[in-house]
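Examination of the molecular architecture
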Amino acid sequence: MGFGRWYNAQKAGVQIADAGGVVVMVGGVAAGVFGIVGTGLARPGAPTSTPAPAPALTTPASALVTSSPPAAAASTPPPTAAPTGTITGPRNGATNVSQNEQLVVSGTAQNIPAGYRLDVFLQFAGHSRYYAAANPDNPAPLINGHWSATIFISQAQPIILWLVFMSPAELNLTNDELAYQSAGYPTLPGTSLASVRFTASASP
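This section reports on the structure supplied with the text. Quick caveat, the model's predicted, so the values are computed rather than measured. (Residues numbered from 1 in each chain as written. Predicted model: local features only at pLDDT ≥ 70, side-chain atom pairs only at ≥ 80, totals over all residues. Heavy atoms only, no water.)

Some thoughts on the overall build of the protein chain
A tally of helices and strands in the protein chain yields three helices and 12 strands. Looking at the protein chain as a whole, 25% of its 204 residues qualify as buried. By element, 58% of the accessible surface of the protein chain is carried by carbon and sulfur atoms, the whole surface being about 14000 Å². (Helix = DSSP H or I, 4+ residues; strand = E, 2+ residues; numbered from the N terminus. Buried < 20%, exposed > 50% of the residue type's maximum accessible area, 1.4 Å probe, protein only. Areas by Shrake-Rupley, 256 points an atom, 1.4 Å probe, with all protein chains shown as cover.)

As structure tokens, this is what we get:
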């Protein structure tokens, strides 16, 4: 075969294939391979990749805050009303009380704490001694806001009658101080709620 026939046969058998930007020339024995590096230009009709858009916020950025649990409110106990008491009999300034009389004294009281007890003390005017005047086992029981007690008037002179309320500790203390029970306490036991002053006259 002459050179011209070989050349034409090779030329006729050449095929050109384009695969993804690489041109391959194949023919006869070997025509050679030429690689063409794409410059980034897409072929006509080829799809163009587009970056996926970022997902939109469903809540405004200004509303995205980190919340902390509310601080527990300090529990404040309701205020406790102060104990109160009155002496309604005998009245202040009474003169119808006699020496050696079993005198019933009475009055009202409110807000006395549980475990506390009312008591009645006598003070002879001009003397700094206080005498337990009522029954020590149940001196002035409080029933429905009213109290009463029976005391003995031993002397005919001006007298101050004291209504006090006492804690369990104060009750134990006064019960243990036997000497003061007859000689009188140097200070008024408990907490004073009310007092009246009257004069006991001599027995007829």
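Things to note about the pairing of strand 10 (residues 146-152)
The alternating pattern of strand 10 places W147, A149 and I151 on a buried face and H146, S148, T150 and F152 on a face that is not buried. In this structure, strand 6 (residues 102-110) lies alongside strand 10, joined through seven bridges in antiparallel fashion. If you follow V104 over to strand 10, its bridge partner there is T150. Across two bridges, strand 9 (residues 142-143) lies against strand 10 in antiparallel orientation. (Pairing = 2+ DSSP bridges.)

Remarks on the nonpolar core
The biggest cluster of nonpolar side chains holds 27 residues, and the ones touching the most others in it are L118, V120, W147, I151, I153, L161 and F198. At the level of secondary structure, the elements contributing two or more residues to this core comprise strand 6, strand 7 (117-124), strand 10, strand 11 (158-166) and strand 12 (191-201). It is strand 12 that provides the largest number of residues to this core, a total of five residues. Sequence-distant contacts of I151, defined by excluding residues within four places in its chain, comprise E101, Q102, L103, V105, V120, L122, A133, A134 and L161. Within the second largest apolar cluster, nine residues are counted, among which are I160, W162, Y185 and L188. (Core = buried A, V, L, I, M, F, W, Y, C linked by side-chain atoms within 4.5 Å. Contact = heavy atoms within 4.5 Å.)

Re unusual backbone geometry
The residue after G89, namely P90, is reached through a cis peptide bond having omega 0 degrees. If you trace the backbone, P90 turns up in the loop between strand 4 (84-89) and strand 5 (97-98). The phi angle at N111 is positive, at roughly 60 degrees, despite the residue not being glycine. Residue placement: N111 occurs in the loop between strand 6 and strand 7. Here N111 falls in the partly exposed class, since its relative accessible area comes to 40%.

Thoughts on the sheet that holds strand 11
Strand-to-strand pairing in sheets goes through backbone hydrogen bonds, with the strands running parallel or antiparallel. The strand order across the open sheet built from five strands is 5-12-11-7-8, with neighbouring strands paired in mixed fashion. The sheet terminates laterally at strand 5 and strand 8 (131-132), the two strands that pair on one side only. Looking at chain direction, strand 5 and strand 12 are connected through two bridges and run parallel. Bridged to S98 within strand 12 is S201. Each of strand 7 and strand 11 touches helix 2 (residues 168-176); the most contacted strand, strand 11, lies at about 130 degrees to it. (Axes fitted to C-alpha atoms, helices over the stretch in contact; angles between N-to-C directions.)

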